[in-house]
Amino acid sequence: MLFHVRMDVRLPHDLDPDAKAEIIAREKAYAQELQRSGKWPQIWRIVGEYANISIFDVESNDELHTLLSGLPLFQYMDIEVTPLAKHPSDIKD
Ligand SMILES: O=C(O)CC1=CCC(=O)O1
């Protein structure tokens, strides 16, 4: 199942710089591991925003929820999920 996910990051302005660097490093490691697993095949920066558009390829809504809620930055994100289905005009496969 494919999902389009938008993540807007809203870090507190008063977050300690070392804590900020540490949580961002953990976020990167977590995201790169999921990319290597094939569950997070695309991640794109939205130009001019601290936000990304990602594509997830997972087995279920529950799996996606587990992965998203495991993001180190989860508590600092607004997340919008759009489930994707094959378009009838798509010529692939
Ligand atoms: O910077 C972001 O868009 C938040 C984020 C998600 C995965 C990652 O590495 O950073």
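Residues numbered from 1 in each chain as written. Predicted model: local features only at pLDDT ≥ 70, side-chain atom pairs only at ≥ 80, totals over all residues. Heavy atoms only, no water.

## Details of the confidence of the model for the protein chain
Summary statistics for the protein chain give a mean pLDDT of 98 and a share of 100% for residues scoring 70 or more. Across the assembled chains, the prediction reports ipTM 0.98 with pTM 0.96. (pLDDT = per-residue confidence, 0-100.)

## Topic: the site of the ligand
Lining the immediate environment of the ligand, one finds V9, E27, K28, A31, W40, I43, R45, Y50, N52 and M77. Side-chain polar atom of R45 to an oxygen atom of the ligand: 2.7 Å apart, as the coordinates give it. A distance of 2.9 Å separates an oxygen atom of the ligand from a polar atom in the side chain of N52. Relative to its unbound accessible surface of 280 Å², the ligand loses 87% to contact with the protein. Put simply, the parts of the chain that give the shell around the ligand at least two residues each are α1 (17–37) and β2 (42–45). Looking at the shell around the ligand, the element that brings in the most residues is α1, giving 3 residues. Counted by class, the shell around the ligand contains 6 nonpolar, 1 polar and 3 charged residues. (Near = heavy atom within 4 Å. Polar contact = N/O pair within 3.5 Å; in protein donor to acceptor, adjacent residues only side chain to side chain. Areas by Shrake-Rupley, 256 points an atom, 1.4 Å probe, with all protein chains shown as cover. Helix = DSSP H or I, 4+ residues; strand = E, 2+ residues; numbered from the N terminus. Nonpolar A, V, L, I, M, F, W, Y, C, P; charged D, E, K, R; others polar.)

## Quick word on the pattern of salt bridges
One pass over the full model with this rule turns up 8 salt bridges. Salt-bridge contacts for K92 lead to D90; the nearest nitrogen and oxygen are separated by 3.2 Å. Take D90: its relative accessible area is 28%, and that puts it in the partly exposed class. A network of salt bridges, in which partner residues are shared, links R6, D8 and E49. (Salt bridge = Lys/Arg side-chain N within 4 Å of Asp/Glu carboxyl O. Buried < 20%, exposed > 50% of the residue type's maximum accessible area, 1.4 Å probe, protein only.)

## Let's talk about the nonpolar core
Core analysis: the largest hydrophobic core is formed by 18 residues, its most contacted members being V5, M7, W40, F56, L64, L68 and L73. At the level of secondary structure, the elements contributing two or more residues to this core comprise β1 (2–9), α1 and α2 (61–69). With 4 residues, β1 is the single largest residue contributor to this core. Every residue in contact with M7, bar those within four places of it in the chain, is listed here: W40, Y50, A51, N52, S54, F56, L68, L71, M77, D78 and I79. (Core = buried A, V, L, I, M, F, W, Y, C linked by side-chain atoms within 4.5 Å. Contact = heavy atoms within 4.5 Å.)

## So, the layout of surface pockets
Where empty space is left becomes clear once a probe the size of a water molecule has been rolled over the atoms. Quantified by volume, the largest pocket comes out at close to 270 Å³. Forming the boundary of the largest pocket are 16 residues, of which E27, A31, I43, R45 and N52 lie nearest the centre. Looking at the lining of the largest pocket, the elements that each hand over two or more residues are β1, α1 and β2. If you go around the second largest pocket, the residues you meet are L2, L84, A85, K86, H87, D90, K92 and D93. In terms of residue class, the lining of the second largest pocket is built from 3 nonpolar, 1 polar and 4 charged. (1 Å grid on protein atoms, 1.4 Å probe; cavity = no way out; pocket = protein on both sides within 12 Å on 5 of 7 lines; lining within 4 Å. Points joined across faces, edges and corners; volume = space filled by probe spheres on them.)

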